[in-house]
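Working through the structure, step by step
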Amino acid sequence: MELPCKGCRGACCGPVPITGPEVKKIKKKIKSMPVKMRNELKNQQRFYGTCIFYDQDNDKCGIYSARPAICDAFGHYANLVCFRKPEAVKKEHWSPKEEPAGILSVDFKWEHFE
Ligand code: SF4
Ligand code: SF4
């Protein structure tokens, strides 16, 4: 079931747990971005607490194809309910496949990915 994310402006994009392989995947994604695009994403003004990769200007995840598994799972599990579409929950409990290495936006900031 699709979530009505357009117009939400990253309402649910805050700090999320992230694993070692996910950090690596995002690093690869960031390094593959054209420098201008990367700098534009990096230097956007965000609210305190908003994910460092949220693309405010375009109202979407700035690293969508490399986003952590929890972001992909959000809205579809009973412990990750989207408040705008709670009926999208189809599964019970989401948990990471491996121990998180830390929290994105708190332990891992832009300087860790460039
Ligand atoms: S998952 Fe829900 S809260 Fe998050 S951006 Fe989409 S509609 Fe908004
Ligand atoms: S990585 Fe993308 S989807 Fe996940 S919290 Fe950050 S901006 Fe949102």
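In every chain, residue numbers begin from 1 and rise along the written sequence. In the order they appear in the text, chains get letters beginning with A and ligands get numbers beginning with 1. Totals for whole chains, interfaces and linings use all residues, but because this is a predicted model, local features are given only for residues with pLDDT of at least 70 and pairs of side-chain atoms are given and counted only at 80 or more. Side-chain numbers here rest on the full set of heavy atoms in the structure, without hydrogens or water.

Looking at an unreviewed UniProt entry, the protein carries the name Zinc-or iron-chelating domain-containing protein, with the source organism given as Marininema halotolerans.

1. Overview of the environment of Pro21
Strands are runs of DSSP state E lasting at least two residues, helices are runs of H or I lasting at least four, and both sets are numbered from the N terminus onward. Relative to the assigned elements, Pro21 resides in helix H1 (residues 20-32). It is 17 Å that separates the C-alpha atoms of Pro21 and Phe53, two residues lying 32 residues apart in sequence.

2. Digging into the site of ligand 2
Any residue with a heavy atom lying within 4 Å of a molecule or strand is counted as near it. Cys13, Gly14, Cys51, Phe53, Tyr54, Cys61, Ile63, Pro68 and Cys71 make up every residue found near ligand 2. Asp, Glu, Lys and Arg are counted as charged, while Ala, Val, Leu, Ile, Met, Phe, Trp, Tyr, Cys and Pro are counted as nonpolar; the rest, among them Gly, fall into the polar class. For the shell around ligand 2, the per-class residue count stands at eight nonpolar, one polar and no charged.

3. Concerning the nonpolar core
Nonpolar core, defined: a set of buried Ala, Val, Leu, Ile, Met, Phe, Trp, Tyr and Cys residues in which side-chain atoms within 4.5 Å join the residues together. When accessible area is computed with a 1.4 Å probe and restricted to protein chains, residues below 20% of their type maximum are described as buried, those above 50% as exposed, and intermediate ones as partly exposed. Formed by 22 residues in total, the largest nonpolar core has its most connected members in Ile26, Ile30, Phe53, Leu104 and Phe113. Elements supplying a minimum of two residues to this core: strand S1 (16-18), H1 and helix H3 (69-73). In terms of residue count, H1 provides more of this core than any other element does, three residues in total. The contact definition used throughout considers only heavy atoms, calling two residues in contact when any of these lie within 4.5 Å. Sequence-distant contacts of Ile30, that is, excluding residues within four places in its chain, are made with Arg38, Phe53, Ile63, Trp110, Phe113 and Glu114.

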